[in-house]
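# Architecture at a glance
These are the residues of each chain, in order.
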Amino acid sequence: MAASKHDSDSNGDADDVRRGVVVMHDVREEIDRLQDTVLVAVADAGFDEASTFAVRLALEEAVANAFRHGNSEDPSKTVTVHYEVSPHRIDLAVEDEGPGFDPGAVPDPTEDANLEIPSGRGIMLMRAYMTSVEIVAPGNRIEMVFRRD
Amino acid sequence: MNPASNGLQITEQDGVSRVDFVERNILDEANIQQIGEAIGALVDASSRPRLLICFENVEHLSSAALGALITVNTKVKARDGQLRLSNIRPQILEVFRITRLDRLFEIHSTAEEAMATFG
């Protein structure tokens, strides 16, 4: 299986923006490498530890959903992550090769009746930790923004 | 003391099985599944299991890990057992709070506090 592809443009922009594209298979080492790449950029841009925690969690949830639900755990399918880190905001886009889904069909995991269901918390956590989350129709792309206060 | 396996350290104290995580990150789904199975086997081994899960070393976890904990909780309840969580760092505790899972689990600041609550 091919290793993940990383294309990046770092430190070449007057605004100190670091951006890149990573194409991954569902391999832990590739996901860890993505996380390391993004989180180093986040830390270098001066975001604090709480911000790093938030971005790591949201990105982990988005990528896990993309592999598990979007790609239906097909090992031949990839997930593509676009990232752009600037001093005041972090933009992430996670795209799978699946048909998409209806976010409205996901039950609220915080309702009492759903509290003991093991799954279904990924989107909720992304929305809680990122400034904005948009699920782009037909649902196989999630765009998230984290803005520094 | 059982040797660490699946990133878990399991000890027995006063009739309570205590689980500590060796890894700082509980993110990998395959590993989470193994953890869930290992703890599940621990629960199945006792008629009325008493289980303490300590998160002292845990810095990051995913919703898959929360799901595994919920499944363990369901197993423990089905066997009329008791489950406590302890030593959860503030950032991780916030994840439990946001998901309202702080209402599902009995969470204590320290293992000692948790141990005192087992009946």
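What comes next concerns the included structure. Computed from a predicted model, the values in this text were never measured in an experiment. (Residues numbered from 1 in each chain as written. Chains lettered and ligands numbered in written order. Predicted model: local features only at pLDDT ≥ 70, side-chain atom pairs only at ≥ 80, totals over all residues.)

### Remarks on helix H2 (residues 49-70) of chain A
Residue pairs spaced three or four apart in an α-helix point in one direction, given the helix's 3.6 residues per turn. Between its terminal C-alpha atoms H2(A) stretches 30 Å, which fits the 32 Å expected from 22 residues at 1.5 Å a residue. Positive backbone phi, at 50°, marks Ser72(A), one or two positions downstream of H2(A). (Helix = DSSP H or I, 4+ residues; strand = E, 2+ residues; numbered from the N terminus. Expected span 1.5 Å × (residues − 1).)

### Thoughts on the pairing of strand E4 (residues 50-54) of chain B
Residues and elements named next belong to chain B. Most of E4 sits out of view: five of its five residues are buried. In terms of strand pairing, strand E2 (residues 16-21) meets E4 through four bridges, oriented parallel. In the strand pairing of E4, Arg18 is matched with Leu52. (Buried ≥ 20, exposed ≤ 12 C-beta atoms within 10 Å, placed from the backbone. Pairing = 2+ DSSP bridges.)

### Focus on helix H3 (residues 122-129) of chain A
Of all the residues in H3(A), the buried ones are Gly122(A), Ile123(A), Leu125(A), Met126(A) and Tyr129(A). Angularly, the buried residues of H3(A) cover 165° about the axis, an arc narrow enough to put them on a single face. Buried residues along H3(A) sit in contact with H2, strand E5 (132-136) and strand E6 (141-147) of chain A together with helix H2 (63-78) and helix H3 (90-98) of chain B. (Arc of directions from axis to C-beta. Contact = placed C-beta atoms within 7 Å.)

### Here's the deal with the sheet that holds E2(B)
Residue and element names in this part refer to chain B. If you trace the five strands from one edge of the open sheet to the other, you get E1-E2-E4-E6-E7, paired in mixed fashion. Each of the sheet's edge strands pairs with one partner strand only, and the pair in question is strand E1 (8-13) and strand E7 (107-108). In this sheet, strand E6 (residues 82-86) lies alongside E4 in parallel orientation, the contact comprising five bridges. Its bridge partner lying in E6, Leu51 is registered against Leu83. Where helix H1 (residues 29-44) meets the sheet, its contacts fall on E1, E2 and E4, and the angle it forms with E1 comes to roughly 15°. (Axes fitted to C-alpha atoms, helices over the stretch in contact; angles between N-to-C directions.)

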